[in-house]
Amino acid sequence: MAGLSCGIVGLPNVGKSTLFNALTRKGAAAANYPFCTIDPNVGIVPVEDKRLEVLAKLSHTKNIIPAPITFVDIAGLVKGAAQGEGLGNQFLSHIRETDAIIHVVRCFENDDVIHVEGKVDPIRDIGVINLELILADLQMVDNVIKKLEKQIKGNKELLPVMAALQKAKQFLDAEKPLNRCEFTDEEKKALSAYPFLTAKKVLYACNVSESDLPTMENEFVERVRDYAKQENNPVITICAKLEEELALLSHEESLEYLQGLGLQETGLQRLVKASFRLLDLITFITTGEMETRAWTIKKGTKAPEAAGKIHSDLEKGFIRAEVITYEDFVHYGSRNGAKEAGKARSEGKDYIVKDGDVILFFHN
């Protein structure tokens, strides 16, 4: 998957596929009945970054390549999904492959759009999905423990792994997601081989109706915010219907339409930015005549590892990185201008890359 990936989950008919269509302009079938999205739809979305256009002009670039983020639309989960209800198990395995979860919650009333539980109640809906994820993890942890019990007799090195799994099982048995559990660094390392669903970071996307524009606030959203605060999870409000309409317009038309509604940017841009923050991601930039490009890395990444994002040879043969801040590059108009002003720094292997660093890597 390109860049990093987020799985979009939620009950049927909460607006997931509508949101996904808008994100990717890809036209995943959205119908007013459960399970119309059978295979996970995968869409790669460029992260809008105005800095790239500015640098491209200064570098006379032929090609601009924004950082990508992958969204996977996973069919509506229902109560009993972990036991295979609906098409549960099949879909849950798709979520395991993603880096984070965007949980779409229905925060609108509409008699024309049926609700699988009969009436709109965002907290109950969140509970249904969360319990399914917990049950699926419980199933996985039980299976892994059974296997390890046989292996551990001949391999005592597996004891810390077993202890960490037992601790995870206790939390899951108490219906607690693993992302709310305190694990030591050793325990985290022991569990890193297992893609637990409830260990992933979660962003709640409250889907509101067009009548809630421009504030996108209502009593349902307030309830989700209060709930998410206890979990320490972020919340974003979005109107999937509006986003779908905007996706059919040109960039200029959509800006005009948004301004007419009193909004500054699309919900999708906010969603992409929130996903980046959720995953602790930043971008560094390379620029020259051939291309200006954003590269996605985790906060705290050192220069050689960042170079490896471009090509593994750059990491292996890393000598140094020439780093200019985006602001200095723009202020002095070019790499040479910044160098002459003494604003180009030579950084070694221990340099931690910052967001917006414009970098040229040297290697053998």
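Keep in mind it's a predicted model, so treat the numbers as computed, not measured. (Residues numbered from 1 in each chain as written. Predicted model: local features only at pLDDT ≥ 70, side-chain atom pairs only at ≥ 80, totals over all residues. Heavy atoms only, no water.)

Novice: I'd love a proper account of the pattern of salt bridges, names of residues and values included.
Specialist: Inspection of the entire model under this criterion finds 17 salt bridges. The network of salt bridges with common partners includes Asp49, Arg51 and Asp355. (Salt bridge = Lys/Arg side-chain N within 4 Å of Asp/Glu carboxyl O.)

Novice: Tell me about the sheet that holds strand β1 (residues 4-9), and name the residues and values.
Specialist: Sheet architecture is open: six strands sit in the order β2-β4-β1-β5-β6-β7, paired in mixed fashion. A single partner strand is all that each edge strand has here, and the edge strands are β2 (41-46) and β7 (235-238). Across the sheet, the mean angle separating the axes of adjacent strands is 25° when strand polarity is ignored. Pairing of strand β6 (residues 201-207) with β7 involves four bridges; the strand directions are parallel. (Pairing = 2+ DSSP bridges. Helix = DSSP H or I, 4+ residues; strand = E, 2+ residues; numbered from the N terminus. Axes fitted to C-alpha atoms, helices over the stretch in contact; angles between N-to-C directions.)

Novice: Got a sec to walk through the packing of aromatic side chains? Specific residues and values, please.
Specialist: Each aromatic ring pair is characterised by the separation of its centres together with the angle its planes make. Under the defined criterion, the tally for this structure stands at six aromatic pairs. Geometrically, the ring pair formed by Tyr194 and Phe196 is tilted, given 6.3 Å between the ring centres and 50° between the ring planes. Here Tyr194 falls in the partly exposed class, since its relative accessible area comes to 21%. Of the residues examined, Phe196 reaches a relative accessible area of 4% and is grouped as buried. One aromatic cluster in this structure is built from Phe284, Trp295, Phe318 and Phe361. The aromatic ring of Phe362 is capped on one face by Arg320, whose charged end is 4.0 Å from the ring centroid. (Phe/Tyr/Trp six-rings, centres within 6.5 Å; stacked < 30°, edge-to-face > 60°. Buried < 20%, exposed > 50% of the residue type's maximum accessible area, 1.4 Å probe, protein only. Lys NZ or Arg CZ within 6 Å of the ring centre and 35° of its normal.)

Novice: Pulling in residues and values, what's your account of helix α10 (residues 267-278)?
Specialist: The end-to-end C-alpha separation of α10 is 16 Å, in line with the 16 Å expected for twelve residues at 1.5 Å each. Along α10, the residues that are buried comprise Gly267, Leu268, Gln269, Leu271, Val272, Ala274, Ser275, Phe276 and Leu278. One or two positions beyond α10, positive phi appears at Asp280, with a value near 60°. (Expected span 1.5 Å × (residues − 1).)

Novice: Any details on the packing of helix α4 (residues 122-152) against helix α7 (residues 219-231)? Residues and values, ideally.
Specialist: Interaxial distance between α4 and α7 falls to 9 Å at its minimum, and their mutual angle equals 45°. Here α4 is positioned oblique relative to α7, judged by the angle of their axes. Contact residues: α4 offers Pro122, Ile123, Ile126 and Asn130, while α7 offers Phe220, Arg223, Val224, Tyr227 and Glu231. Here the contact of α4 with α7 is built from residues that sort into six nonpolar, one polar and two charged. (Parallel < 35°, antiparallel > 145°, perpendicular 65-115°, else oblique. Contact = heavy atoms within 4.5 Å. Nonpolar A, V, L, I, M, F, W, Y, C, P; charged D, E, K, R; others polar.)

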